[in-house]
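Structural features, examined
Spelled out, the chains give:
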Amino acid sequence: MAVVEDVLALGSQLERSYPVYVRGRLKFRVKQIVYVAFSRDETVMEFAFPKEERAALVAGEPEKFRLPSASDMRFNWVRAELAALEPAEARELVVDAWRMVVPQKVSRAYDLAHPGGPG
């Protein structure tokens, strides 16, 4: 079962990434782009995810993943129940979301420094 603490340090250490609190919600940004956000009670993690792949993700594991709210459907966004994720899986989702908002050279540098992934 994943909790916010499983990804908090990672989100703060990724290059160009920083945590912010907006209306009581923890979010991770690169510049002004939010790529991960948590619900106020920290039970749901929302993250950047390719629009064209999200229906398959949700259909494949509906106990873990949900589509975003109707107002967020225009964005590359998916919701996950933190309690349904393993800590390593949550970290991987954070890194994949981060990859969507940083230049490829930054992402490649991370891969070289972390060949085993975020663990």
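What you see is a predicted model, and the numbers here were worked out from it, not measured in a lab.

1. As for the sheet that holds strand β3 (residues 33–38)
In space, the 6 strands of this open sheet follow the order β1-β2-β3-β4-β6-β5, with antiparallel pairing throughout. For this open sheet the edge positions go to β1 (17–22) and β5 (65–66), each flanked by a neighbour on one side alone. Both β5 and strand β6 (residues 77–81) contribute to a ladder of 2 bridges, which runs antiparallel. Residue F65 lies in a different strand from β6, and its bridge partner there is A80. Along the sheet face, helix α3 (residues 87–99) touches β1, β2 (25–30), β3, β4 (44–48) and β5 and points at about 35 degrees away from the line of β4.

2. Concerning the packing of aromatic side chains
Applying the stated criterion across every chain yields a total of 4 aromatic pairs. Summarising the aromatic geometry, the rings of F28 and Y35 are spaced 6.4 Å apart at their centres and angled 35 degrees between planes, so their arrangement reads as tilted. F28 gets classed as buried once you look at its relative accessible area, which sits at 0%. Between F47 and F65, the aromatic rings sit 6.3 Å apart at their centres with planes inclined by 75 degrees, giving edge-to-face as the arrangement. In this pair, F47 is assigned in strand β4 and F65 in strand β5, connecting sequence segments 18 residues apart. Here the two residues F47 and F65 agree in accessibility, since each one is buried. Counting every residue linked through ring pairs, the aromatic cluster contains F47, F49 and F65.

3. Details of the side chain of R54
Structurally, the position occupied by R54 is in helix α2 (residues 51–60). E52 provides the closest opposite charge to the buried, salt-bridge-free R54, at an N-O distance of 8.2 Å. Reaching out from R54, the side chain makes a polar contact with the backbone oxygen of W77 at a distance of 3.3 Å. In contact with R54, not counting residues within four places along its chain, are F49, L67, P68, D72, M73, F75, N76, W77 and V78.

4. Structural notes on the confidence of the model for the protein
When pLDDT is averaged along the protein, the result is 94, and 99% of the positions lie at 70 or above. Highest mean pLDDT in the protein belongs to β4 (97); lowest belongs to helix α1 (residues 5–13) (91).

5. A few points about helix α4 (residues 104–113)
Within α4, the full set of buried residues consists of V106, S107 and Y110. The buried residues of α4 all sit within an arc of 100 degrees when viewed along its axis, so they share a single face. Facing away from the buried side of α4 by over 90 degrees, the exposed positions are Q104, K105 and L112. Tucked into the core, α4 has its buried residues touching α1 and α3.

6. Considering the nonpolar core
The nonpolar side chains of soluble globular proteins are, as a tendency, buried together. If you look at the biggest cluster of nonpolar residues, it comprises 34 residues, and the most contacted ones within it are Y35 and F47. Looking at this core, the elements with two or more residues in it are α1, β2, β3, β4, α2, β6, α3 and α4. Tallying contributions element by element places α3 first for this core, with 6 residues. F47 has contacts with Y35, V36, L57, F65, N76, W77, V78, R79, A80, L93 and A97, leaving out every residue within four places of it along the chain.

Definitions and cut-offs
- Residues numbered from 1 in each chain as written.
- Predicted model: local features only at pLDDT ≥ 70, side-chain atom pairs only at ≥ 80, totals over all residues.
- Heavy atoms only, no water.
- Pairing = 2+ DSSP bridges.
- Helix = DSSP H or I, 4+ residues; strand = E, 2+ residues; numbered from the N terminus.
- Contact = heavy atoms within 4.5 Å.
- Axes fitted to C-alpha atoms, helices over the stretch in contact; angles between N-to-C directions.
- Phe/Tyr/Trp six-rings, centres within 6.5 Å; stacked < 30°, edge-to-face > 60°.
- Buried < 20%, exposed > 50% of the residue type's maximum accessible area, 1.4 Å probe, protein only.
- Lys, Arg positive; Asp, Glu negative; His and termini not counted.
- Salt bridge = Lys/Arg side-chain N within 4 Å of Asp/Glu carboxyl O.
- Polar contact = N/O pair within 3.5 Å; in protein donor to acceptor, adjacent residues only side chain to side chain.
- pLDDT = per-residue confidence, 0-100.
- Arc of directions from axis to C-beta.
- Core = buried A, V, L, I, M, F, W, Y, C linked by side-chain atoms within 4.5 Å.

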